[in-house]
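# Geometric and topological summary
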Amino acid sequence: MRNKIQEALKLSKADYTEIRIEEKESTRISYRGKDLENANAIIDKGGVVRCLIRKHGWGVATFNNLDDLKNKVDQAYQCALVAQSDKPIALGSIEVFEENIQAEMKQDFRDVSMSAKKALVENYNNILLSSSNKIIDTSAVYVDSISHIYFANSEGTYIEEERPSVIAATSAIAREGDNVQQSHESIAGPFGFEFVQGREEMARKAARQALDLLNTKSVVGGQYPVVIDQMLAGVFVHEAFGHLSESDFVYENPKAMEMMVLGRRFGKDILNVFDDGTILGQRGTHRFDDEGTPTHHNDLIKDGIL
């Protein structure tokens, strides 16, 4: 693979060229109520070439057939030729890297049989179903995937990385009369099969919370002081501010550009928001991003200030 990618890069006429290829193996097993909804094993692959001509702009070509990689580099170059930029485009200076990052799993899910994965998720689903006759519907899902990623650019960087991911999710719908409530519990991370084993309490919690919600009172609209659960606070920040911080969104949205001005106060001094791809054990943990740049800690809001 490395030779094929580097030979294609050498043929590029652009000022800068990068190639990213991903080969992915994944398994998904899910139950809906008493029924096995699906049990799939999928192998997929594809890639993208990006070329930059500084006086013109970017050109992009995507593909899922690696046999024609050299032609895809030329297609991206031709696209860059017809791009129009108001001024020459300059790239930041990034160190050249050569890395081969292997997945670390205590129990590689690729070595676990489909029947064993089915038995695991069926067990969690049975816990949901047996919790109460007020549970009218359930969902239990198991997903694993491993991506083998290749990244190389014309400046000399070459990175290979294995990215594993495993997910287990349970949800229960409870009903009493016309009162219908739902609860969902899930876990996910860059681990092996061991991470989703022994998670019976996760299923019990989903069922228990759905049943408890049948006895809760609706909140009256108004303003209240709120203490937010850590995970829920993270979801709120992700949706309300994380997406708002995406540079392509800000660049293309005049109102967002007016709002996202460096130095603007977004909250009190206790408010701190950061993005960090180096925190171990998280789904977004990677040594490098998809452009071959090392991940690091990025302060988005520091002491209330953007």
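It should be noted that the structure appears before, not after, this text.
The following refers to the structure shown.

## With respect to the overall build of the chain
Secondary structure assignment for the chain yields 7 helices and 9 strands. Seen through its principal axes, the chain has C-alpha atoms that stretch 70 × 50 × 30 Å. Across the 306 residues in the chain, those meeting the buried criterion constitute 37%. Once local pairs closer than 6 in sequence are excluded, the contacts in the chain between residues at least 24 apart make up 66%. Accessible area of the chain: about 18800 Å², with a carbon and sulfur share of 50%.

## Let's talk about the pattern of salt bridges
On inspection of all chains with the given rule, the structure shows 15 salt bridges. Note that Glu291 and Arg50 form a salt bridge whose closest N and O atoms lie 2.8 Å from each other. Taken together, the residues Glu291 in the loop between strand S8 (273–276) and strand S9 (297–301) and Arg50 in strand S2 (residues 35–53) connect sequence positions 241 residues apart. Looking at Glu291, the relative accessible area reads 40%, which means it is partly exposed. Across the pair Asp269 and Arg265 runs a salt bridge whose closest N-O atoms are separated by 3.3 Å.

## A word on the packing of helix H3 (residues 114–129) against helix H4 (residues 200–213)
One way to put it is that H3 packs onto H4 with a least axis distance of 9 Å and a crossing angle of 30°. Here H4 runs roughly parallel to H3, going by the angle between their axes. Handedness of the crossing formed by H3 with H4: right-handed. Together, Asn123, Tyr124, Ile127 and Leu128 of H3 and Glu200, Met202, Ala203, Arg204, Ala206 and Ala207 of H4 make up the contact between the two elements. A per-class count over the contact of H3 with H4 returns 7 nonpolar, 1 polar and 2 charged.

## Digging into the nonpolar core
With 29 residues, the main nonpolar core has Phe109, Tyr142, Phe193 and Val196 as its most contacted residues. When residues of this core are traced back to their parent elements, those giving at least two are strand S1 (16–32), H3, strand S5 (135–153), strand S6 (158–176) and H4. Considering every element that reaches this core, the biggest residue donor is H4, with 6 residues.

## Quick notes on the environment of Thr62
Counting through the fold element by element, Thr62 comes out in strand S3 (residues 57–63). Remark: the alpha-carbon pair of Thr62 and Ile5, spanning 57 residues in sequence, is separated by 14 Å. In this structure Thr62 touches Gly47, Val48 and Lys72, once residues within four positions along its chain are discounted.

## Comments concerning a nonpolar patch on the surface
Together, Val219, Val220, Tyr224, Val226, Ile228, Leu232, Val235 and Phe236 make up a nonpolar patch on the protein surface, roughly 800 Å² of accessible area in all. The topology assignment puts Ile228 in the loop between H4 and helix H5 (230–242). Using a relative accessible area of 38% as the deciding quantity, one classes Ile228 as partly exposed.

## Thoughts on the packing of aromatic side chains
Tallied over the full model, the rule gives 5 aromatic pairs. A ring pair is formed by Phe191 and Phe195, whose centres lie 4.6 Å apart and whose planes are at 35°; its orientation type is tilted. The class for Phe191 is partly exposed, based on a relative accessible area of 26%. The ring of Trp58 is capped by Arg50, whose NZ or CZ atom sits 4.6 Å from the centre of that ring. Positioned above the aromatic ring of Phe195, the side-chain terminus of Arg199 is 4.9 Å from the ring centre.

## Overview of the pairing of S6
The element S6 is largely enclosed, with a buried count of 15 among its 19 residues. When strand S4 (residues 98–101) meets S6, the two strands line up parallel, connected through 4 bridges. Residue Glu98 lies in a different strand from S6, and its bridge partner there is Tyr158. Of the strand pairs in this sheet, S5 and S6 are connected by 17 bridges, and their pairing is antiparallel. In the sheet register, His148 faces S6, and the bridge partner there is Glu162. Connecting the antiparallel pair S5 and S6 is a turn made up of 4 residues, with Gly156 showing a positive phi of about 115°. Across 11 bridges, S6 lies against strand S7 (residues 179–189) in antiparallel orientation.

## Let's talk about the packing of helix H1 (residues 2–10) against helix H2 (residues 69–82)
The contact between H1 and H2 brings their axes to 9 Å, and the two run at 35°. The chirality of how H1 crosses H2 is right-handed. Judged by residue contacts, Lys4, Ile5, Glu7 and Ala8 of H1 engage Leu69, Lys70 and Val73 from H2.

## Points about the side chain of Lys117
Residue position: Lys117 is located in helix H3. For Lys117, the side chain forms a polar contact with the side chain of Asp144, separated by 2.8 Å. The residues touching Lys117, leaving out its near neighbours within four places in the chain, are Thr27, Ile29, Phe109, Val112, Tyr142, Asp144 and Phe193.

Definitions and cut-offs
- Residues numbered from 1 in each chain as written.
- Predicted model: local features only at pLDDT ≥ 70, side-chain atom pairs only at ≥ 80, totals over all residues.
- Heavy atoms only, no water.
- Helix = DSSP H or I, 4+ residues; strand = E, 2+ residues; numbered from the N terminus.
- Buried < 20%, exposed > 50% of the residue type's maximum accessible area, 1.4 Å probe, protein only.
- Contact = heavy atoms within 4.5 Å.
- Areas by Shrake-Rupley, 256 points an atom, 1.4 Å probe, with all protein chains shown as cover.
- Salt bridge = Lys/Arg side-chain N within 4 Å of Asp/Glu carboxyl O.
- Axes fitted to C-alpha atoms, helices over the stretch in contact; angles between N-to-C directions.
- Parallel < 35°, antiparallel > 145°, perpendicular 65-115°, else oblique.
- Left-handed = near helix turned anticlockwise from the far one by under 90°.
- Nonpolar A, V, L, I, M, F, W, Y, C, P; charged D, E, K, R; others polar.
- Core = buried A, V, L, I, M, F, W, Y, C linked by side-chain atoms within 4.5 Å.
- Patch = residues over 30% accessible without salt bridge, like charges linked within 9 Å, V, L, I, M, F, W, Y side chains within 5 Å.
- Phe/Tyr/Trp six-rings, centres within 6.5 Å; stacked < 30°, edge-to-face > 60°.
- Lys NZ or Arg CZ within 6 Å of the ring centre and 35° of its normal.
- Pairing = 2+ DSSP bridges.
- Polar contact = N/O pair within 3.5 Å; in protein donor to acceptor, adjacent residues only side chain to side chain.

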